[in-house]
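# Coordinate inspection notes
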Amino acid sequence: MGSGLQNMPEGYRALVIGARGAIGAALLAQLQDDPRCGLVLGLHRGSEPALDLLDEAVVAATAARLAEGGPFQLIVNAAGLLHAPGLSPERKLGELRLAALQQVFAVNTFGPALLLHHFTPLLDRRCGRMAMLSAKVGSIGDNRLGGWYSYRASKAALNMLIKTAAIELRRTHPGALLVALHPGTVSSALSAPFRGAAIGRPAATAAAELLGVLDHLTPQDSGGFFSYSGEPLPW
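Here the structure is a predicted model, which means the values were calculated and not measured. (Residues numbered from 1 in each chain as written. Predicted model: local features only at pLDDT ≥ 70, side-chain atom pairs only at ≥ 80, totals over all residues. Heavy atoms only, no water.)

## Regarding the side chain of Ser 154
For Ser 154, the location among the structural elements is in helix 4 (residues 149-172). Setting aside anything within four residues of it in sequence, one finds Ser 154 in contact with Val 104, Phe 105, Asn 108 and Thr 109. (Helix = DSSP H or I, 4+ residues; strand = E, 2+ residues; numbered from the N terminus. Contact = heavy atoms within 4.5 Å.)

Here's what the structure looks like:
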């Protein structure tokens, strides 16, 4: 991280949501090491305050508690679901199941939608930056292989929520930024069943790249979809 995020104000306050996952934990660690960061909180179901993306009352209550220490200049949501016991990405239409769709959308789309509702008011109106980890496989324009119906659709829907919220945010928070970020393949529990260890990058590398992208984006980039390399991605 060197001397930290240079385009963030000195003493900036940050929130990392999904801080128990590989990327979330790496983001939290790097922000803790940034001498320019005055405060960083890692949020998850077991944190204090706790944050459960599947419970709107908890999301609202946690946002209300955090508002007392706001505003925040950086908010990153790193929570996501690709697979779980009894849940794997579909290879074909015949494998689609309603329960799997609901489970994946709950974490990847509905939870982030609640964050947009309850956490965007915590953003600094002048220089707040908020990012949601999306995925390149959620790009409709880039989809050439098919498959992974629930995951692709949940991330495509997330991208639309981000794009739409960014338009509204531009009116209420003119100096703020809201974007979707693609972290690439990372060596983690999420990618492990899909050769993640062989083709993935360390979570610390991905976190540094994502923070670097966030540091260099401007309010004019709000509503965009960007790779960890800083490259804009097609919707």
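## Points about unusual backbone geometry
Negative phi is the rule for most residues except glycine; trans is the rule for most peptide bonds. At the junction of Glu 48 and Pro 49, the peptide bond is cis and its omega measures out at 0° in the coordinates. Mapped onto the secondary structure, Pro 49 falls in the loop between strand 2 (37-43) and helix 2 (56-67). In this model, Gly 70 is joined to Pro 71 through a cis peptide bond whose omega is 0°. The residue Pro 71 is located in the loop between helix 2 and strand 3 (74-77) in this model.

## Quick look at the sheet that holds strand 1 (residues 12-17)
Read from one edge to the other, the open sheet built from six strands follows the order 2-1-3-4-5-6, with strand pairing classed as parallel. Only two strands of the sheet have a single neighbouring strand rather than two, namely strand 2 and strand 6 (225-227). For this sheet the average axis-to-axis angle between neighbouring strands, irrespective of direction, equals 20°. Where strand 4 (residues 129-133) lies against strand 5 (residues 177-182), five bridges are found, and the strand directions are parallel. Residue pairing in the sheet places Leu 133 in a bridge with Leu 181 of strand 5. In the packing of helix 3 (residues 98-119) onto the sheet, the strands contacted are strand 1, strand 2, strand 3, strand 4 and strand 5, and the crossing angle to strand 4 comes to about 170°. (Pairing = 2+ DSSP bridges. Axes fitted to C-alpha atoms, helices over the stretch in contact; angles between N-to-C directions.)

## Side note on the environment of Lys 92
Within the secondary structure, Lys 92 is located in the loop between strand 3 and helix 3. Considered as a pair, Lys 92 and Gly 146 are 54 residues apart in the sequence and their alpha carbons are 8.2 Å apart.

## Considerations on the packing of helix 3 against helix 4
In contact at an axis separation of 9 Å, helix 3 and helix 4 are set at 15° when each is read in the N-to-C sense. Taken together, helix 3 and helix 4 sit at an angle that is classed as roughly parallel. When the axes of helix 3 and helix 4 are compared, the crossing they make is right-handed. Contacts between helix 3 and helix 4 involve Ala 100, Leu 101, Val 104, Phe 105, Asn 108, Thr 109, Pro 112, Ala 113 and Leu 116 on the former and, on the latter, Ser 150, Tyr 151, Ala 153, Ser 154, Lys 155, Ala 157, Leu 158, Leu 161, Ile 162 and Ala 165. Residues of the contact of helix 3 with helix 4, tallied by class, amount to 14 nonpolar, four polar and one charged. (Parallel < 35°, antiparallel > 145°, perpendicular 65-115°, else oblique. Left-handed = near helix turned anticlockwise from the far one by under 90°. Nonpolar A, V, L, I, M, F, W, Y, C, P; charged D, E, K, R; others polar.)

Without other data, these values stay purely geometric and don't point to any function.
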